[in-house]
Amino acid sequence: MSTTGSVPVSLAEIARIAGVGRAAVSNWRRRHDSFPTRIGGTDVSPQFSLAEVEQWLRDNGKLDSIAGRELLWPRFEVLGSRDQSGLAIAEAAHRMRSPRARSARVTLSSEAERLAVEAARLGRNEGTRETFEFLLQRWLETHVRQLSTTPAPLATLMARIGFDVRVGGPDEGLTVLDPACGTGHLAAAAVQECASPGVRVLACERDPALAALASARLAFVADDHDVRTEIATADALRADPFAQARADVALCNPPFNERDWGYEELATDQRWTYGLPPRTEPELAWVQHLLAHLEPGGSAVVVLPPAVASRKAGRRIRGSLLRTGALRAVVALPPGSAQPHSVSLQLWILRAAPDGLGTAPPGQDALLVDATRFARTGGREAGPNWEPLQTFVLSALRTLDHSDADLPDGVVRVPLIDLLDDEVDVTPGRYTSVSTEPSGLELAAVWKEMGSTLTELVRRAERLSELEFGSNGPQTTAGVGDLVKAGALSLRAGQQPLDGAVASGQNFVPLLTVADLLADGSPSGLVAIDSAPVIAEKGDVVVAGVVRAFKAWVHEGPPTALGPQLHALRVDPAKLDAHFLAGCLRAPSNGRQAGTHASSSSRVDIRRLQVLQLPLAEQAAYAEVFRSLRDFETQLVNADGAGRKLVNDVSDLLAAGGLDV
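The structure displayed is predicted, hence computed values, not measured ones. (Residues numbered from 1 in each chain as written. Predicted model: local features only at pLDDT ≥ 70, side-chain atom pairs only at ≥ 80, totals over all residues. Heavy atoms only, no water.)

Draft legend 1. Structural context of the overall build of the chain. Looking only at helices and strands, the chain has 21 helices and 25 strands in total. For the chain, restricting intrachain contacts to residue pairs at least 6 apart in sequence, the fraction spanning at least 24 positions comes to 73%. (Helix = DSSP H or I, 4+ residues; strand = E, 2+ residues; numbered from the N terminus. Contact = heavy atoms within 4.5 Å.)

Draft legend 2. Local environment of the pattern of salt bridges. Across all of its chains, the model carries 33 salt bridges by this definition. One salt bridge in this structure joins R398 and D164, with 3.9 Å as the shortest N-O distance. A residue pair is termed long-range when its members are at least 10 positions apart, and R398 in the loop between α13 (386–397) and β14 (411–415) and D164 in helix α8 (residues 152–165) qualify at 234 residues. Judged by relative accessible area, which is 45%, D164 ranks as partly exposed. (Salt bridge = Lys/Arg side-chain N within 4 Å of Asp/Glu carboxyl O. Buried < 20%, exposed > 50% of the residue type's maximum accessible area, 1.4 Å probe, protein only.)

Draft legend 3. Representation of the environment of A23. Turning to its location among the elements, A23 is positioned in helix α2 (residues 22–31). Among the residues examined, A23 registers a relative accessible area of 58% and is labelled exposed. Spatially, the C-alpha atoms of A23 and L11 are 9.0 Å apart, while their sequence positions differ by twelve residues.

Draft legend 4. View of a nonpolar patch on the surface. There is a patch of nonpolar side chains on the surface, built from L467, F469 and V625 and spanning about 300 Å² of accessible area. Take F469: it is sitting in the loop between α16 (440–465) and β15 (477–479). (Patch = residues over 30% accessible without salt bridge, like charges linked within 9 Å, V, L, I, M, F, W, Y side chains within 5 Å. Areas by Shrake-Rupley, 256 points an atom, 1.4 Å probe, with all protein chains shown as cover.)

Draft legend 5. Representation of the confidence of the model for the chain. Summary statistics for the chain give a mean pLDDT of 84 and a share of 89% for residues scoring 70 or more. Here residues 356–360 scores under 50 on pLDDT; set against residues more than four positions off or in separate chains, the count is twelve contacts. Across residues 499–506 the pLDDT falls below 50, and counting only partners more than four positions away or on other chains, this stretch makes 20 contacts in the model. (pLDDT = per-residue confidence, 0-100.)

Draft legend 6. A look at the packing of helix α9 (residues 185–193) against helix α10 (residues 208–222). Where α9 contacts α10, the two axes come as close as 9 Å, and the packing angle between them is 10°. Taken together, α9 and α10 sit at an angle that is classed as roughly parallel. Residues H185, A187, A188, V191 and Q192 of α9 touch α10, and the partners they reach there are R217, L218 and V221. Looking at side-chain class alone, the contact of α9 with α10 contains five nonpolar, two polar and one charged residues. (Axes fitted to C-alpha atoms, helices over the stretch in contact; angles between N-to-C directions. Parallel < 35°, antiparallel > 145°, perpendicular 65-115°, else oblique. Nonpolar A, V, L, I, M, F, W, Y, C, P; charged D, E, K, R; others polar.)

Draft legend 7. The arrangement of the sheet that holds strand β3 (residues 46–49) in detail. Pairing within the open sheet is antiparallel, and its three strands lie in the order β1-β3-β2. In the strand order of this sheet, the two ends are held by β1 (8–10) and β2 (40–41), each with one partner. In the sheet, β2 pairs with β3 via two bridges, with the strands oriented antiparallel. Across the sheet, G40 pairs through a bridge with Q47, a residue of β3. Each of β1 and β3 is contacted by helix α1 (residues 11–18), which is oriented at about 85° to β1, the strand it contacts most. The sheet contacts of helix α3 (residues 50–59) involve β1 and β3, and relative to β3 the element is tilted by about 75°. (Pairing = 2+ DSSP bridges.)

Draft legend 8. Region of interest: unusual backbone geometry. The omega torsion of the bond from Q339 to P340 falls at -5°, within 30 degrees of zero and hence cis. The residue P340 is located in the loop between β9 (327–332) and β10 (346–351) in this model. Residue N257 is not a glycine yet carries a positive backbone phi of 55°. Mapping N257 onto the fold places it in the loop between β7 (247–252) and α11 (282–292). The backbone of V424 sits at a positive phi, close to 50°, despite the residue not being glycine. As for its placement among the helices and strands, V424 is situated in the loop between α14 (416–419) and α15 (428–431).

Draft legend 9. Quick look at the state of the cysteines. On inspection of all chains with the given rule, the structure shows zero disulfides. Just so you know, C181 is unpaired, no disulfide at all, and the nearest cysteine sulfur is the one on C204, 7.1 Å from it. The exposure class assigned to C181 is buried, which follows from its relative accessible area of 6%. The class for C204 is buried, based on a relative accessible area of 1%. (Disulfide = S-S within 2.5 Å.)

Draft legend 10. Region of the structure containing helix α5 (residues 82–97). Between its first and last C-alpha, α5 extends 23 Å over 16 residues, near the 22 Å set by a 1.5 Å rise per residue. Where α5 begins, the capping side chain belongs to S81, and its oxygen is found 3.2 Å from the backbone nitrogen of D83. (Expected span 1.5 Å × (residues − 1). Polar contact = N/O pair within 3.5 Å; in protein donor to acceptor, adjacent residues only side chain to side chain.)

Draft legend 11. Up close: the sheet that holds β14. Pairing in this open sheet of nine strands is mixed, and the strands run β6-β5-β4-β7-β8-β10-β9-β11-β14 from one edge to the other. The sheet is open, and its two borders are formed by β6 (227–233) and β14, each paired with just one other strand. Going from strand to strand, the sheet's axes swing by 15° on average, the running direction of each strand aside. Lying over the sheet, α11 contacts β7, β8 (294–304) and β10, oriented at roughly 155° with respect to β8. Along the sheet, α13 contacts β9, β10, β11 (365–370) and β14; its crossing angle with β11, the most-contacted strand, is approximately 170°.

Draft legend 12. Representation of the packing of aromatic side chains within the structure. In this structure the tally under the stated criterion is nine aromatic pairs. The interplanar angle of 75° and the centroid separation of 6.0 Å between the aromatic rings of W261 and Y263 together place this pair among those described as edge-to-face. Classification of W261 by relative accessible area gives buried; the value is 3%. Taken together, W28, F35, F48 and W56 form an aromatic cluster joined through their ring pairs. Here the guanidinium or amino end of R97 rests over the ring plane of F220, the centre of that ring lying 6.0 Å away. For the cation-ring pair, R373 lies above F392, with the distance from its terminal atom to the ring centre recorded as 4.8 Å. (Phe/Tyr/Trp six-rings, centres within 6.5 Å; stacked < 30°, edge-to-face > 60°. Lys NZ or Arg CZ within 6 Å of the ring centre and 35° of its normal.)

Draft legend 13. Inspection of the packing of helix α4 (residues 69–77) against helix α6 (residues 110–126) at higher detail. The contact between α4 and α6 brings their axes to 11 Å, and the two run at 160°. Taken together, α4 and α6 sit at an angle that is classed as roughly antiparallel. The chirality of how α4 crosses α6 is left-handed. On α6, the residues touching R69, L72, R75 and F76 of α4 are E111, L115, E118, A119, L122 and E126. A class-by-class count of the residues in the contact of α4 with α6 yields five nonpolar, no polar and five charged. (Left-handed = near helix turned anticlockwise from the far one by under 90°.)

If you want it as structure tokens, here you go:
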């Protein structure tokens, strides 16, 4: 495969191309004088010529088992334009399936067209679908800040709900609609989850690049299923390309909080059966758009931000949706289910009346499901625990039409009379309650564990109280800056990642920020390895250089990227003990003396932090005490949290009249 010499690649990209770790590439660079020289970047994040790297890898026999697409992707990146690279990938997919065909809808630069041709040729040799999915995933990861996609597990859950909830209608030849399809995650999931033959998929997307990629993705999916697809490039609210179509199932993850959605020109639109959506409620316009396209008994599942369930401006429309029985259920998802990841998004489950629009039958109610507890916490595992979440939500929604069914914790059936008040708030957490009070046996076990914790704390306190402190005069210290000059340690300052944090992927590391330290101390996101200028390895001393979060510790976990105001210190083990260094640095008085201002937001000058000057043998004794003191502090914090929870649990049991007297 030919490559362009001007295409730059990082060390991480070279590692992916060669199928090795980044450390191996750094080792090649040190050991081989013939390794290509840097053409750009910095000493910390150097860049090399892709052509030279490819030639060197081939000459040294390091490309034997490598797929050519790893060499191809960097050339898509240097196209620069998000749209050009996306359209080029879509065109490559089109040519993979029809070698002599060319899409008339795509206008590409000459370089983008050459890449599409090469990618198509490569795909036919290495697997068309695998090559397309590889390029698409890399494109999505590169532009993660500009795109909002539906994660595959959420798309699968929504599709299953849609098919489960619909009533009546045909068992085959179903029509599925997604009016804001993005790159086709929901539409593809619907095809894969539908067991009926002859599925027809109608999808719409106003962004031409996304629409082209969705069309390519669904074309591959259609190869394995009996499905017809039609992807339109249009704004579904302003210029609905499927105005006359009706769907059995509609799925949608619409754009959030868009003020310019067509409020003025659509004021008299016939879709607003439940009320004119206020300018500030574009999500309710999408809800009514979906309902307008449903067959009698058809279902719709839509992802919405939680504010839509309670905002004052939308209460009249929410009331109308409830009274007519169109809004059948609301599911509150754990944070991290989709972008924005910090918010507990909701699924609204809608259904058209089997005999057309009408009033709700007597005793009509809504099912509210609080699934927020199905979340993992901490670092790489943050986000939903998808398997139990899907099981819980699907089992809860199967009770939708069975008013006498038993409901699990976190699920409640709310009568209309309780919902149609002045607020019409359909937030599940307002009505649901998950039973978390421990039983008597569980409470006894917790008390026993608390007793053991307190006993251990007393032992540690006694050992620490036996420490003897001499009356020697002030000891000699050295600043971190002086130790760097002496070669006893190296200092690297964390930075904002080049491409930002993302939710998932194989070539990513946890990202730790000062905000994480002020929360629970766990990394809150992931960042691409080649976008992280500073990565703390096991054994490095990490220091937070801001007064409000000042601390220092020896890093024991996996490689972790450091954000701004965090610093990584790597010691020369022949001169310094890492635990001794961390203990000296985290002394509160040390941080105060090195602070640049008196406020809590001031910066700590890491180079001014002082370290005792002791022989290495004596450092070990200090390090052991520092570690004991740190363990005592950790156990004290854990005991405080466990004790507070224990007090709260017992208080709840007492308030509920659970005391035997």
